[in-house]
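Results of the structural survey
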Amino acid sequence: MGVTMGIRSMPWDEWIELDNQFEIYHRIRAHRIRTRGMGAICVLPDNPGVVESGATAAVEVVHELAEYLSRRYPTTFKVSRHLDDSPDAISSKYGWEGARPIRTITIIPLSATYDIPLNTDESRAAERALEVAALIIQEDLALMIEGSDGRYYFQAGAICIPGFWRMQDKIGLPLDEIHITGDVPKYREKLEMSMGRFFQRLAVEKPVARNNYSLQVLDPRKPQSSPINTVPEVIHNLDDEEEIDFEELAWSTSANGPENSFIHGGHRVRGPQEVLVPAPSIANVRLRSERQTLRRLPLSGAIVFTIRTYLTPIQTLGQEPGVPGRLASALRGWGRNVSIYKGKERGNWWNVVLEYLDSCWNEQLAQGTSLEGGGKENYPL
Ligand code: HEM
C-alpha cells in the first residue's frame with residue numbers, strides 16, 4: 001500500500017482510552033515528570049511574528065480532558081467546580097453545558113486529586129495544566145498552534161513516553177520540520193501537502209484517529225521481561241527508571257542507547273549510536289503500536305494531537321487468530337525506506353520474529369484459521 005495519512009474519523013467516545021494498565025502508566029509518567037522536567041512537560045512562550053505561546057491551549061486542554069473524563073468514565077473520575085462568584089470563575093468559558101469551570105479532578109481508584117488552573121495568570125499555570133493532563137490519561141499530548149505563515153507549530157506538550165524521539169528535538173518546530181528531521185518515509189512526496197491542508201481545515205466537530213506500529217526489542221541481557229503490568233521477580237542492578245519501566249515504554253535504551261546522549265539526526269544516521277545486541281529471543285520483542293488522535297480545541301483553535309502507546313509481546317500476538325499471518329505479511333511488505341525508518345536492520349530481530357510468526361501462522365492454518373481471524377479490532381494490522 002502506498003504512503004497515505006491513514007486517518008479515519010474518530011467516534012467521540014474514543015478520544016481518550018483507559019485500560020487496566022492505567023496505574024503503571026501513571027507511575028511511569030509521574031516519574032518522568034519528576035525526573036525529566038522540560039523533557040516531559042514543555043510550554044513555549046510567544047515566538048514574536050511567527051507563532052503564539054502554547055499556554056492558553058495548555059489550560060484549555062486540561063479543562064477539556066477533565067470535562068470529558070468525568071462524563072466518559074464517571075466511576076474513575078470526579079470533579080469539583082468553582083462555585084464562588086469571583087470574576088475569573090464567572091467569566092471563564094471552560095465549563096461544559098453552562099457549568100462553572102472545573103477546579104479539581106480526582107482519579108478515584110488512586111485517590112489522587114489535582115488542582116486545575118483557571119487561566120494562565122499564575123506562575124507555571126500552563127505547565128501545571130499539562131502536568132495534570134499527563135497524569136489523568138495514558139496518552140501523550142502535543143499542542144499545535146497555527147503560525148502567521150499558516151503552518152502549525154509544536155508549541156506545548158506533555159511527552160512522557162515517546163520511546164524513540166525526544167521533546168527537545170521537536171518542540172517549537174512546524175509540522176513539516178518535525179517529520180523531515182525524522183526522515184519519515186515519503187514525507188515530502190506524499191504527506192507534506194495533504195497534512196498541511198488537513199490541519200488548516202480540521203473542524204472542531206470532526207476529530208480523527210490514525211495508527212502506527214513498529215517493533216521494539218528489549219535487551220536480552222536484561223532480566224527476563226514480562227508483561228508490563230507485572231513486576232519481574234528478579235531485578236538485578238536496575239536504576240530507578242529501569243525499575244519502574246523495565247519494558248522501556250518511555251525510552252527504548254536497547255534500541256537507541258541512553259536518552260541523555262541520544263543524537264537526533266534521523267533514522268538513516270542512527271548507526272553509530274546503535275546498541276549492538278545479540279539476536280533477541282522472541283520473548284524480548286514487542287509490537288509498539290500507537291493510536292493517535294487529532295482534534296481542534298473549540299476556544300483557542302489549537303490542535304491537540306494525542307498519542308496512546310501500547311507495548312504487546314509478539315508471543316501474545318502469535319496466539320491471536322489471524323494476527324501472525326497479518327503481521328508477517330505487513331513486515332514483508334515494508335519497502336526500503338520504511339525498513340530503514342522502522343529499523344529492520346537494527347537489533348537483529350527480523351529473522352527471529354518472522355520465523356516465529358510463520359510457525360504460529362502455519363499452526364493456525366493447519367487448524368483452519370483464516371487471515372481475517374478474530375482480534376482485528378485490537379491491533380492495527
Ligand atoms: C495527520 C497528521 C499526521 C500524520 C499523517 C503523521 C504521519 C507520520 C508518519 C507517517 C510518521 C512515521 C511513523 C509512522 O508510521 O507513524 C510520523 C512520525 C512522527 N510524527 Fe507524525 N504525523 C501526523 C501528525 C503529527 C503531529 C501533530 C506531531 C506533533 C508532535 C507528529 C510528530 C511526529 C514525530 C515526533 C514522529 C517521529 C519522527 C522521528 O522519528 O524523528 N506527527 N508521523
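Just so it is clear, the model here is predicted, and its values are computed rather than measured.

Details of the overall build of the chain
- For the chain, the count of helices and strands is 13 helices and 10 strands.
- Among the 381 residues that make up the chain, the fraction classed as buried is 53%.

Some words on the nonpolar core
- Core analysis: the biggest nonpolar cluster contains 58 residues, and Leu-65, Leu-130 and Ile-136 have the highest contact counts within it.
- In terms of residues, this core owes the most to one element, helix α2 (residues 55-72), which gives 10 residues.
- Apart from residues no more than four positions distant in its own chain, Leu-130 is found in contact with Ile-41, Cys-42, Val-43, Ala-58, Val-61, Leu-143, Ala-156, Gly-157 and Ala-158.

A word on the environment of Gly-163
- By the secondary structure assignment, Gly-163 is in the loop between β7 (152-158) and α5 (167-170).
- Judged by relative accessible area, which is 0%, Gly-163 ranks as buried.
- For the pair Gly-163 and Arg-288, spaced 125 residues apart in the sequence, the C-alpha separation amounts to 9.1 Å.
- Those residues in contact with Gly-163, other than ones at most four positions away along the chain, are Leu-249, Ala-250, Trp-251, Ser-252, Asn-256 and Arg-288.

A closer look at the coordination of the iron atom of the ligand
- Just one protein ligand coordinates the iron atom of the ligand, and it is His-179 (NE2) at 2.0 Å.
- The topology assignment puts His-179 in helix α6 (residues 175-180).

Things to note about the sheet that holds strand β6 (residues 140-146)
- Taken in spatial order, the 7 strands line up as β1-β8-β9-β10-β6-β7-β2 in an open sheet, and their pairing is antiparallel. Looking at which strands have only one partner, the edges of the open sheet turn out to be β1 (8-9) and β2 (41-43).
- Relative to β7, β2 runs antiparallel, the two sharing 3 bridges. The residue bridging Val-43 from the neighbouring strand is Ala-156, located in β7.
- Along the sheet face, helix α1 (residues 22-36) touches β2, β6 and β10 (303-313) and points at about 120° away from the line of β10.
- Its contacts with the sheet place helix α7 (residues 187-201) against β6, β7, β8 (208-217), β9 (285-296) and β10, and it is angled at close to 45° to β9.

What about the pattern of salt bridges?
- Considering all chains together, one arrives at 19 salt bridges under this definition.
- Residues Arg-308 and Asp-19 are paired through a salt bridge, measuring 2.8 Å at the closest nitrogen-oxygen approach. Residue Arg-308 is located in strand β10, and its partner Asp-19 is located in the loop between β1 and α1; the two are separated by 289 residues in the primary sequence.
- Classification of Asp-19 by relative accessible area gives partly exposed; the value is 29%.
- Between Arg-295 and Glu-64 there is a salt bridge whose closest N-O contact spans 2.7 Å. Of this pair, Arg-295 sits in strand β9 while Glu-64 sits in helix α2, and the two are 231 residues apart along the sequence. When sorted by exposure, Arg-295 lands in the same class as Glu-64, which is buried.

Topic: the packing of α1 against helix α4 (residues 125-136)
- Interhelical geometry of α1 versus α4 gives an angle of 155° and a closest axis separation of 8 Å. As far as their axial angle goes, α4 and α1 are roughly antiparallel. Between α1, through Phe-22, His-26, Arg-29, Ala-30 and Ile-33, and α4, the contact on the second element is made entirely by Glu-131, Ala-134, Leu-135 and Ile-136.
- Its residues assigned to classes, the contact of α1 with α4 shows 6 nonpolar, 1 polar and 2 charged.

Considering the pairing of β9
- Burial within β9 is extensive, with 12 of its 12 residues counted as buried.
- The side-chain alternation of β9 yields two buried faces, one formed by Val-285, Leu-287, Ser-289, Arg-291, Thr-293 and Arg-295 and the other by Arg-286, Arg-288, Glu-290, Gln-292, Leu-294 and Arg-296.
- Relative to β9, β8 runs antiparallel, the two sharing 10 bridges. Each bridged residue has a counterpart across the sheet, and for Ala-209 the counterpart in β9 is Thr-293.
- In this structure, the hairpin formed by β9 and β10 is closed by a connection of 6 residues, where Gly-301 is found at a positive phi of approximately 80°.

Observations concerning the side chain of Glu-247
- Along the chain, Glu-247 turns up in the loop between α8 (240-244) and α9 (253-256).
- One polar contact links Glu-247 to Arg-286, side chain to side chain, over a distance of 2.5 Å.

Describing the sheet that holds strand β3 (residues 77-81)
- The strand order across the open sheet built from 3 strands is β3-β4-β5, with neighbouring strands paired in antiparallel fashion. Single-partner strands in this sheet number two, and they are β3 and β5 (112-115). On average, each strand axis in the sheet is tilted by 20° relative to the strand beside it, whichever way the strands run.
- For β3 and strand β4 (residues 102-107), the ladder comprises 5 bridges, and the chain directions are antiparallel. Among the inter-strand pairings, Phe-77 is bridged to a residue of β4, identified as Ile-107.

Reading the values: rules and limits
Residue positions are given per chain, counting from 1 as you read along its sequence in written order. It should be noted that, the model being predicted, local features are given only for residues of pLDDT at least 70 and side-chain atom pairs only at 80 or more, the latter also being counted only at that level, while totals for whole chains, interfaces and linings use all residues. With hydrogens and water excluded, all non-hydrogen atoms of the structure serve as input to the side-chain values. What counts as a helix is a DSSP run of H or I of at least four residues, what counts as a strand is a run of E of at least two, and both are numbered from the N terminus. Each residue is assigned to one of three classes by its accessible area relative to the maximum for its type, calculated with a 1.4 Å probe on protein chains only: buried under 20%, partly exposed between the two thresholds, exposed over 50%. Among buried residues, the Ala, Val, Leu, Ile, Met, Phe, Trp, Tyr and Cys ones that are joined through side-chain atoms within 4.5 Å form a nonpolar core. Any two residues having at least one pair of non-hydrogen atoms within 4.5 Å are treated as being in contact. Nitrogen, oxygen and sulfur within 2.8 Å of a metal are treated as its donors, or within 3.2 Å for sodium, potassium and calcium (Na, K, Ca); water is not counted, so a site can appear incomplete. Any two strands with at least two DSSP bridges between them are considered paired. Axis lines are fitted to C-alpha atoms, over the contacting stretch for helices. Their N-to-C directions set the angle, which ranges from 0 to 180 degrees. Each salt bridge in this description consists of a side-chain nitrogen of Lys or Arg and a carboxyl oxygen of Asp or Glu lying within 4 Å of one another. Note that the term roughly parallel is reserved for angles under 35 degrees, roughly antiparallel for angles over 145, roughly perpendicular for angles of 65 to 115, and oblique for everything else. Residue polarity follows a fixed list, in which Ala, Val, Leu, Ile, Met, Phe, Trp, Tyr, Cys and Pro are nonpolar, Asp, Glu, Lys and Arg are charged, and the others, Gly among them, are polar. We define a polar contact as two N or O atoms separated by no more than 3.5 Å, with the added condition that, inside protein, one atom must be a possible hydrogen donor and the other a possible acceptor, whereas residues neighbouring each other in sequence contribute only through side-chain atom pairs.

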